[in-house]
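Next come the chains, spelled out residue by residue.
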Amino acid sequence: MTPPPGRRERNKQDKLERIVAAASTLFAEHGVDEVTTQQIAEAADIGTGTLFLYARTKGELLLLVQNSHYESSLARGREAAETAQNAVDALLALLTPVVECNRVHVGNGRVYLREMLFGDPEVPGHAAALAIIGQTEQAMTELIGRHTAAEPEQAAAQAQVISAAMYVTMAASPPQAEVSEVVTALEGVIRTVLAA
């Protein structure tokens with residue numbers, strides 16, 4: 001049996017939760033580019049130096065905030081995909097909540113994609129983001145395998161291509177684009193990849 005965490009660990013976890021809550025609120029209200037680390041530290045009731053022990057940049061803070069949103073979106077997508085009757089519908093059901101999550105605040109979504117794909121892999125938030133990418137591709141691979149005659153290696157390759165296309169499509173879509181427009185563009189990619 002694992003012993004309960006000590007006071008020091010509980011204090012660290014409490015500070016991390018306050019930082020994530022403060023950053024989440026401020027980023028949602030103002031966007032990551034308009035918020036300072038000083039504002040986040042003040043809202044979390046900690047010193048700026050303490051904040052930098054948990055995240056070195058606002059991008060890293062955004063990873064901490066957005067990773068949980070993306071995990072929830074992926075879970076909703078997995079559930080929705082279970083009732084789909086074909087591969088295209090299943091993949092769209094899986095990925096639409098992820099697109100919706102990314103478009104809640106387009107500026108934050110773009111910064112998150114940049115950090116997710118190009119950030120420092122040694123940063124814990126970045127490692128978690130890469131794990132989400134892996135989970136998304138695994139879910140796509142399973143759906144392609146279930147709904148098509150693709151061999152496992154082919155399904156995995158198709159999932160990787162669709163995944164890359166999704167991130168590029170989300171990043172390249174104009175700020176005023178509706179979720180439905182981004183999903184329609186993604187549907188075209190999915191159909192092309194599955195037909196190849």
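Structure first, text after, so check above.
Residues numbered from 1 in each chain as written. Predicted model: local features only at pLDDT ≥ 70, side-chain atom pairs only at ≥ 80, totals over all residues. Heavy atoms only, no water.

S.K.: How would you explain the side chain of asparagine 67 if you had to name every residue and give the values?
M.R.: On the secondary structure map, asparagine 67 appears in helix H4 (residues 58–81). Not counting residues within four places of it along the chain, the set of residues in contact with asparagine 67 comprises Leu62, Tyr112, Gly125, Ala128, Ala129 and Ile132. (Helix = DSSP H or I, 4+ residues; strand = E, 2+ residues; numbered from the N terminus. Contact = heavy atoms within 4.5 Å.)

S.K.: Describe the nonpolar core, naming the residues involved and giving the relevant values.
M.R.: Ranked by size, the top nonpolar core spans 55 residues in total, and within it Phe27 and Ile40 carry the most contacts. For this core, the elements supplying multiple residues, two or more each, are helix H1 (7–30), helix H2 (37–44), H4, helix H5 (87–103), helix H6 (106–118), helix H7 (124–147), helix H8 (152–172) and helix H9 (179–195). With near-sequence residues (within four places) excluded, isoleucine 40 lies in contact with Ile19, Ala22, Ala23, Leu26, Phe27, Val35, Leu51 and Leu61. (Core = buried A, V, L, I, M, F, W, Y, C linked by side-chain atoms within 4.5 Å. Buried < 20%, exposed > 50% of the residue type's maximum accessible area, 1.4 Å probe, protein only.)

S.K.: Outline the packing of H4 against H7, listing residues and values.
M.R.: Following both chains from N to C, one finds H4 and H7 inclined at 10°, their axes separated by 9 Å at the closest point. By the angle between their axes, H4 is roughly parallel relative to H7. Between H4 and H7, the contacting residues are Leu63, Asn67, Tyr70, Glu71, Leu74, Arg78 and Ala81 on the first element and Gly125, His126, Ala128, Ala129, Ile132, Gln135, Thr136, Ala139, Glu142 and Leu143 on the second. For the contact of H4 with H7, the residue count by class is nine nonpolar, five polar and three charged. (Axes fitted to C-alpha atoms, helices over the stretch in contact; angles between N-to-C directions. Parallel < 35°, antiparallel > 145°, perpendicular 65-115°, else oblique. Nonpolar A, V, L, I, M, F, W, Y, C, P; charged D, E, K, R; others polar.)

S.K.: If you had to explain the side chain of threonine 96 to someone new, which residues and values would you point to?
M.R.: Topologically, threonine 96 is positioned in helix H5. We classify threonine 96 as buried; its relative accessible area is 19%.

S.K.: Help me get a handle on unusual backbone geometry, residues and values and all.
M.R.: At aspartate 45, a residue that is not glycine, the phi angle is positive and equals roughly 60°. With respect to the helices and strands, aspartate 45 occurs in the loop between H2 and helix H3 (48–54). You can call aspartate 45 exposed: its relative accessible area is 64%.

S.K.: Explain the environment of threonine 192 to me, and be specific about the residues and the numbers.
M.R.: Within the secondary structure, threonine 192 is located in helix H9. Sequence separation between threonine 192 and tyrosine 167 is 25 residues, and the spatial gap between their C-alpha atoms is 17 Å.

S.K.: Can you break down the pattern of salt bridges residue by residue, with the values?
M.R.: For the structure on display, the rule yields six salt bridges. A salt bridge links arginine 56 to aspartate 120; the nearest nitrogen and oxygen atoms lie 3.3 Å apart. With arginine 56 in the loop between H3 and H4 and aspartate 120 in the loop between H6 and H7, the pair connects residues that are 64 residues apart, well separated along the chain. One salt bridge in this structure joins arginine 146 and glutamate 82, with 3.6 Å as the shortest N-O distance. Of this pair, arginine 146 sits in helix H7 while glutamate 82 sits in the loop between H4 and H5, and the two are 64 residues apart along the sequence. (Salt bridge = Lys/Arg side-chain N within 4 Å of Asp/Glu carboxyl O.)

S.K.: Tell me about H5, and name the residues and values.
M.R.: With 17 residues, H5 extends 24 Å between its outermost C-alpha atoms, agreeing within 8% with the 24 Å of an ideal straight helix rising 1.5 Å per residue. Leucine 95 marks the point of greatest bend in H5, at about 30°, and the proline proline 97 comes within the next four residues. In terms of burial, H5 is largely enclosed, as 15 of its 17 residues are buried. (Expected span 1.5 Å × (residues − 1). Bend = angle between axes of the 7 residues up to and from the residue.)

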